[in-house]
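Listed here are the chains, written in short residue letters.
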Amino acid sequence: MIRFLHSSDLHLGKPFGRFPEEVRGRLREARNGVIARLAATAREGGAGVILLAGDTFDAETPTPSLVRQTLNAIAQDTGLRWVMMPGNHDSLAASELWRVIAKDKPDNLTLVLESRPLELGEGAVLLPAPCTARNPGRDLTEAMGQATPEGSIRIGLGHGGIKDFSGGEKSISEDGSAAIIPPDRAERSGLAYLALGDWHGQIEVGKRTWFSGTPERDSFKHKMQASANLVTVQGSNALPDVKTVPTGVIQWLDLGLELMPDGDCVGQFHQGLPEVSLRRDVLTRLRAEGRIGLAEKTALVQAVAQVAPDFLWFDADLDRLRLTHDTSDLDSVDTAGALRMAAQSLAERSDDANLSAEDREVAENALSMLFTFASESP
Ligand SMILES: [Mn+2]
C-alpha cells in the first residue's frame, strides 16, 4: 500500500500584474505559503510522499530568493519526501533553473528530469513524463508504458492537456494549447493512478486519472475550492482512494446577480457575500444583470460601496443592469420645471424602440444619474 499527496501548478512567483500592488503582495505571499501547507496536509493525512506534477514555478526564471526559499521550505520536514517535475511553465528548457535546484536541493527532494521509472517505496514505482519544452508537441506520457518489477503499483506523473475523443466537448488544457495526453493513458499503461498537472481546477478524468488543480487559486476561472489529492493505493490492481483536502488561503468569489424590478436587490446582494471576518481573504467580482428600478439601483450602488472595503479586492460590474422607471421616479426628480422635463425626455428616449440599443442605454444611464443627484440633494 502507498499513500501520497498529489498537487500541481503551484505557479510560485506568479506576478498578478492586473491587481494593485498591495493585493499582488497578498496573492504572492499566499502562494509562497503553499509548500508548508502541503507538508502539513501530507503529515495530517499520513502520506510520506508529495508529488508535484509540474508548474511549481510560474516562469523559467524565478528570482534566486524565491527558489532558495522554496527549497528551504521543502527542507523543513526531512521525514517527507517531495518529488518535483518540470511542467510547461518551468519545462526542461529552463535548464539554468533545474541546474540550480539540482545543486542546492535538500535530500528529501527528488527531481524527475527524465522519463525513467523511480522507486517510491511501499512497492510503488513512479513513471514520470517531465515536459521537455513549453509545447512538447507529442505525447510524452507514452513513456509510462515502460516495464516495472512484477506486482509494482505503477503511478504516472504527467503534465498537459487531455485529448478528448468523444468529438463534441472541447479538450481540457489550462491555456487552450493543444491537448495531447489520451484520456485512457492510465488504462493503456497499466497505471494504478495517473497524477496530472496543467488544469488549475481539480478534475476526475477517470477513476485512475486526476488533475489535482492548483493548491492556491489564481483566477476566477475554476469555481471550486483549491485543494490537493490525498491518494491511497492498496495494490497494483486496486482502484485508488482519492480524498480532496482543501489547501487554499485566498478565495475568489465570482458573484453573478440576476435582479428583477420587484425583488429585494440589496438583500440578494448581501446574501451572496461571505461573512465579514472572512472578507479580507476574498477577491470578489460582482456582475449584475436584469432590470431594476431607479431607487433600487441607487441603493445597490450604495450597498456595494459600503461593503467593498471589507474585501481584499472588489470589482462591481453593473453595466449590464437595465433600469425601469415610472412616474413616481420622475416625480422624485422634480414635479415640474427644467429637471422634470429633462427626466421626462430621457425616460422617453430610453423607451424609444426607434433608437439604437446604445442610444437607449445612454439615455437610461443619464436618467439614473439625474435620479441619484436629485435624491442626494437636500
Ligand atoms: Mn499550470
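Worth saying up front: this structure is predicted, and the values here are computed from it rather than measured.

Draft legend 1. Representation of the overall build of the protein within the structure. Each helix and strand in the protein was counted, giving ten helices and 16 strands. Compactness check: the protein gives a C-alpha radius of gyration of 27 Å against a globular reference of 21 Å for 378 residues, more than 25% above the reference. Going through the 378 residues of the protein one by one, you find that 39% of them count as buried. Look at the contacts in the protein between residues 6 or more apart in sequence, and 69% of them connect residues 24 or more apart.

Draft legend 2. The arrangement of helix 10 (residues 357-376) in detail. When the terminal C-alpha atoms of helix 10 are compared, their 28 Å separation across 20 residues agrees well with the 28 Å that a helix rising 1.5 Å per residue should span. All of the buried residues in helix 10 are Ala363, Glu364, Leu367, Ser368 and Phe371. Buried positions in helix 10, seen along its axis, are confined to an arc of 140° and lie on one side of it. More than 90 degrees from the buried face of helix 10, the exposed residues found are Glu358, Met369, Phe373 and Glu376. Against helix 7 (294-307), strand 16 (321-324), helix 8 (327-333) and helix 9 (337-351) lie the buried residues of helix 10.

Draft legend 3. View of the sheet that holds strand 4 (residues 109-111). In spatial order, the strands read 4-3-2-1-11-12; together these six strands make up an open sheet with mixed pairing. The strands lining the two open edges of the sheet, one partner per strand, are strand 4 and strand 12 (241-246). Neighbour-to-neighbour, the strand axes of the sheet open up by a mean angle of 25°, direction not taken into account. Pairing of strand 1 (residues 2-7) with strand 2 (residues 49-52), which is carried by four bridges, proceeds in the parallel orientation. When the sheet's bridge partners are listed, Phe4 is paired in strand 2 with Val49.

Draft legend 4. The pairing of strand 15 (residues 313-317), seen in detail. The alternating pattern of strand 15 places Phe314 and Ala316 on a buried face and Trp313, Asp315 and Asp317 on a face that is not buried. Relative to strand 15, strand 14 (residues 282-293) runs parallel, the two being bridged by five bridges. The residue of strand 15 that forms the bridge with Leu283 is Trp313.

Draft legend 5. Spotlight on the environment of Leu318. Mapped onto the elements, Leu318 comes out in the loop between strand 15 and strand 16. With 17 C-beta atoms packed within 10 Å, Leu318 lands in the partly exposed category. Through-space distance from the C-alpha of Leu318 to that of Lys297 is 9.1 Å; in sequence the pair is 21 residues apart.

Draft legend 6. Representation of the domain arrangement of the protein. In terms of domains, the protein is made up of domain 1 (2-246) and domain 2 (251-376). Taken together, the contact between domain 1 and domain 2 spans seven residues of the former and five residues of the latter. Its residues placed into classes, the side of domain 1 that touches domain 2 shows three nonpolar, one polar and three charged.

Draft legend 7. Molecular detail of the environment of Thr141. Structurally, Thr141 can be placed in the loop between strand 6 (124-128) and strand 7 (153-159). Here the alpha-carbon distance between Thr141 and Leu126, two residues 15 residues apart in the chain, equals 12 Å. Sequence-distant contacts of Thr141, defined by excluding residues within four places in its chain, comprise Ala129, Gly156, Gly158, Ile181 and Arg185.

Draft legend 8. Focus on the sheet that holds strand 8 (residues 193-197). Strand order in the open sheet made by the six strands is 5-6-7-8-10-9, with mixed pairing throughout. Unpaired on one side and paired on the other, strand 5 (118-121) and strand 9 (203-206) mark the two borders of the sheet. On average, adjacent strands in this sheet sit at an angle of 25° to one another, irrespective of strand direction. Pairing between strand 6 and strand 7: five bridges, direction parallel. By the bridge assignment, Ala124 is partnered in strand 7 with Ile153.

Draft legend 9. Summary view of the packing of helix 7 against helix 10. Running from N to C, helix 7 and helix 10 point in directions that differ by 75°, and their axes come no closer than 10 Å. Taken together, the axes of helix 7 and helix 10 are roughly perpendicular relative to one another. Within the contact between the two elements, helix 7 uses Leu294, Lys297 and Thr298 and helix 10 uses Ser368, Phe371, Thr372 and Ser375. The residue inventory of the contact of helix 7 with helix 10, partitioned by class, reads two nonpolar, four polar and one charged.

About the cut-offs
Residues numbered from 1 in each chain as written. Predicted model: local features only at pLDDT ≥ 70, side-chain atom pairs only at ≥ 80, totals over all residues. Helix = DSSP H or I, 4+ residues; strand = E, 2+ residues; numbered from the N terminus. Rg over C-alpha atoms; globule rule 2.2 N^0.38 Å. Buried ≥ 20, exposed ≤ 12 C-beta atoms within 10 Å, placed from the backbone. Contact = placed C-beta atoms within 7 Å. Expected span 1.5 Å × (residues − 1). Arc of directions from axis to C-beta. Pairing = 2+ DSSP bridges. Axes fitted to C-alpha atoms, helices over the stretch in contact; angles between N-to-C directions. Domains from an automatic or database assignment. Nonpolar A, V, L, I, M, F, W, Y, C, P; charged D, E, K, R; others polar. Parallel < 35°, antiparallel > 145°, perpendicular 65-115°, else oblique.

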